[in-house]
Number of protein chains: 2
Amino acid sequence: MTETNEEYEVTQMPIWSAGEEWCGVTASMQLIGKKWHPVIISRLLKHGTLRFNQLQDEIGDITNKVLSDSLEDLQQKNLVARTVVNEKPVRVEYELTEQGKSLKPVIEALHKWGTTHVQPVTNDEDTLTQ
Amino acid sequence: MTETNEEYEVTQMPIWSAGEEWCGVTASMQLIGKKWHPVIISRLLKHGTLRFNQLQDEIGDITNKVLSDSLEDLQQKNLVARTVVNEKPVRVEYELTEQGKSLKPVIEALHKWGTTHVQPVTNDEDTLTQ
DNA sequence: CGGTATCCCCGGTGATACTG
DNA sequence: CAGTATCACCGGGGATACCG
């Protein structure tokens with residue numbers, strides 16, 4: 001609630017590194033460094049708006065609780081907005097806030113690097129010599 | 001050892017999301033999604049080569065064990081190279097591999113977003129109205 | 001200097017079941 | 001449909017001490 005579009009303020013401590021300026025990398029990681037956050041955000045970036053179960057299907061192997069917790073965390077951080085549409089049955093929609101959308105370059109960088117520099121292992125058989 | 005410059009192969013499972021193509025975001029997070037990895041990498045990107053204690057000083061609040069563990073992990077993932085210089089006392093240098101250096105855009109994106117969109121909280125007093 | 005070796009703790013993650 | 005409510009686990013992260 002209290003739809004403020006302000007920046008989320010980091011309260012955890014280790015933000016400053018000794019003798020260095022503010023570490024933006026650490027700051028970012030505190031907001032999106034959780035296991036499922038980047039995937040969730042990338043999904044919302046791609047589809048715009050998604051409902052709970054849609055999100056769950058998109059991601060595939062995430063439990064209710066974990067998805068719920070993650071979304072809650074993302075809301076607190078003002079990266080995701082939750083909208084309840086009073087229909088029958090109730091529909092709940094999730095979308096990125098402006099803050100969240102501003103993460104696009106970050107997610108794209110992650111995606112690009114992942115697809116370019118990481119080799120997936122199709123584990124039908126280990127083709128490793130050792 | 002065995003200085004292969006190949007791509008690290010992901011062995012953990014949840015790489016594919018249901019009905020979707022390879023998820024590069026998840027892949028990336030499996031490699032650099034640990035708490036200290038991005039900071040370490042950003043430090044090495046900035047300084048090129050650093051010794052153990054230099055790295056520790058740069059980061060500030062990281063213990064021996066954790067830094068050691070993180071570096072070990074980064075080596076396994078072929079992102080960081082370790083060189084032992086036999087002097088007295090022994091000098092050990094860490095630098096990014098080519099793989100590691102290729103992360104530059106990612107780290108830059110994280111840094112830029114963090115410095116632009118996250119407000120640091122200098123906790124001398126809570127200036128929050130609520 | 002550049003690490004190991006222990007030990008411990010907490011919370012992120014997860015499985016399962018239940019609800020408005 | 002969109003979640004809570006429990007309970008449990010496991011390992012990343014950390015403090016401290018020791019070593020070649």
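Keep in mind that this is a model prediction, so the values were computed, not measured.

Would you explain the overall build of chain A in this entry?
Regarding its fold elements, chain A presents 6 helices and 3 strands. When the helices and strands of chain A are read in sequence order from the N terminus, they spell out α-α-β-α-α-β-β-α-α. Relative to its full complement of 130 residues, chain A shows a buried share of 42%. Expressed as a percentage of contacts within chain A between residues at least 6 apart in sequence, the contacts between residues at least 24 apart total 47%.

Hey, could you run me through the protein's contact with DNA strand C in this one?
Taken together, 18 residues sit near DNA strand C, with Lys35(A), Trp36(A), Ser68(B), Arg82(B) and Tyr94(B) positioned nearest. Backbone atoms, meaning sugar and phosphate, make up 67% of the atoms of DNA strand C lying within 4 Å of the protein. At a separation of 3.1 Å, a phosphate oxygen of DNA strand C approaches a polar side-chain atom of Lys35(A). Within the contact set of DNA strand C, a phosphate oxygen lies 2.8 Å away from a side-chain nitrogen or oxygen of Ser68(B). Contributing elements (two or more residues each) for the surface near DNA strand C: helix H4 (64-76) of chain A together with helix H3 (52-59), helix H4 (64-76) and strand S3 (91-96) of chain B. Considered class by class, the residues forming the surface near DNA strand C number 7 nonpolar, 4 polar and 7 charged.

Teacher, can you tell me more about the sheet that holds strand S3 (residues 91-96) of chain A here?
Residue and element names in this part refer to chain A. Pairing within the open sheet is antiparallel, and its 3 strands lie in the order S1-S3-S2. The open sheet is flanked by strand S1 (49-51) and strand S2 (80-85), the only strands paired with a single partner. Ignoring strand direction, the axes of neighbouring strands in this sheet form an average angle of 30°. When S2 meets S3, the two strands line up antiparallel, connected through 6 bridges. Paired with Arg-82 across the strands is Tyr-94, a residue of S3. Sitting on the sheet, helix H2 (residues 37-47) touches S1, S2 and S3, and the angle it makes with S3 is about 95°. Relative to the sheet, helix H3 (residues 52-59) contacts S1 and S3, its axis offset from that of S1 by approximately 95°.

Cut-off values and rules
Residues numbered from 1 in each chain as written. Chains lettered and ligands numbered in written order. Predicted model: local features only at pLDDT ≥ 70, side-chain atom pairs only at ≥ 80, totals over all residues. Heavy atoms only, no water. Helix = DSSP H or I, 4+ residues; strand = E, 2+ residues; numbered from the N terminus. Buried < 20%, exposed > 50% of the residue type's maximum accessible area, 1.4 Å probe, protein only. Contact = heavy atoms within 4.5 Å. Near = heavy atom within 4 Å. Polar contact = N/O pair within 3.5 Å; in protein donor to acceptor, adjacent residues only side chain to side chain. Nonpolar A, V, L, I, M, F, W, Y, C, P; charged D, E, K, R; others polar. Pairing = 2+ DSSP bridges. Axes fitted to C-alpha atoms, helices over the stretch in contact; angles between N-to-C directions.

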